[in-house]
Amino acid sequence: MMEISARKVAQVALMARELDRAEGELRAFIDRMSEDEQAELVAIMWIGRGSFEAEELDEAIYTARAEATTPCADYLLGSPHLPDHLENGLDALGISAEDVENDLM
């Protein structure tokens, strides 16, 4: 079981789509997450981007923790297509990103 909620992942994806007006808020939101949540967020993005398979979630989280050398927000905001990768990652893990995002709106 993951520490990060699907709701938080969806919120990051939604804010990342509005980066020009929400970057500060998004950075603060990510910075307030625990290290475990940040590693899981990165792992979900990697799964959505195709770097890991959904079945490799534990390995992706371990790798995210081990390779964390820059602030999580900097790393994620420097990743092209971040919202798409987060949504695809949730979907790959069997969580409907669309349903979660609709609940947020």
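Residues numbered from 1 in each chain as written. Predicted model: local features only at pLDDT ≥ 70, side-chain atom pairs only at ≥ 80, totals over all residues. Heavy atoms only, no water.

In contact at an axis separation of 7 Å, helix 1 (residues 6–17) and helix 2 (residues 19–31) are set at 150° when each is read in the N-to-C sense. The angle between helix 1 and helix 2 places the two elements in the roughly antiparallel class. Every residue of helix 2 that contacts helix 1 at Lys8, Gln11, Val12, Met15, Ala16 and Arg17 is listed here: Leu19, Ala22, Glu25, Leu26, Phe29 and Ile30. Its residues placed into classes, the contact of helix 1 with helix 2 shows 8 nonpolar, 1 polar and 3 charged. (Axes fitted to C-alpha atoms, helices over the stretch in contact; angles between N-to-C directions. Helix = DSSP H or I, 4+ residues; strand = E, 2+ residues; numbered from the N terminus. Parallel < 35°, antiparallel > 145°, perpendicular 65-115°, else oblique. Contact = heavy atoms within 4.5 Å. Nonpolar A, V, L, I, M, F, W, Y, C, P; charged D, E, K, R; others polar.)

Here we take up the packing of aromatic side chains. A full pass over the atoms with the stated rule returns 2 aromatic pairs. Between Trp46 and Phe52, the ring centres sit 5.7 Å apart and the planes meet at 20°, which makes this aromatic pair stacked. Seen in terms of ring centroids, Trp46 and Tyr75 are 6.4 Å apart; in terms of plane orientation they differ by 85°. Their pairing is edge-to-face. One end of the pair, Trp46, is in helix 3 (residues 35–49); the other, Tyr75, is in helix 5 (residues 72–77), with 29 residues separating them in the sequence. Accessibility expressed as a relative area gives 30% for Tyr75, which makes it partly exposed. Members of the aromatic cluster, connected to one another through ring pairs, are Trp46, Phe52 and Tyr75. (Phe/Tyr/Trp six-rings, centres within 6.5 Å; stacked < 30°, edge-to-face > 60°. Buried < 20%, exposed > 50% of the residue type's maximum accessible area, 1.4 Å probe, protein only.)

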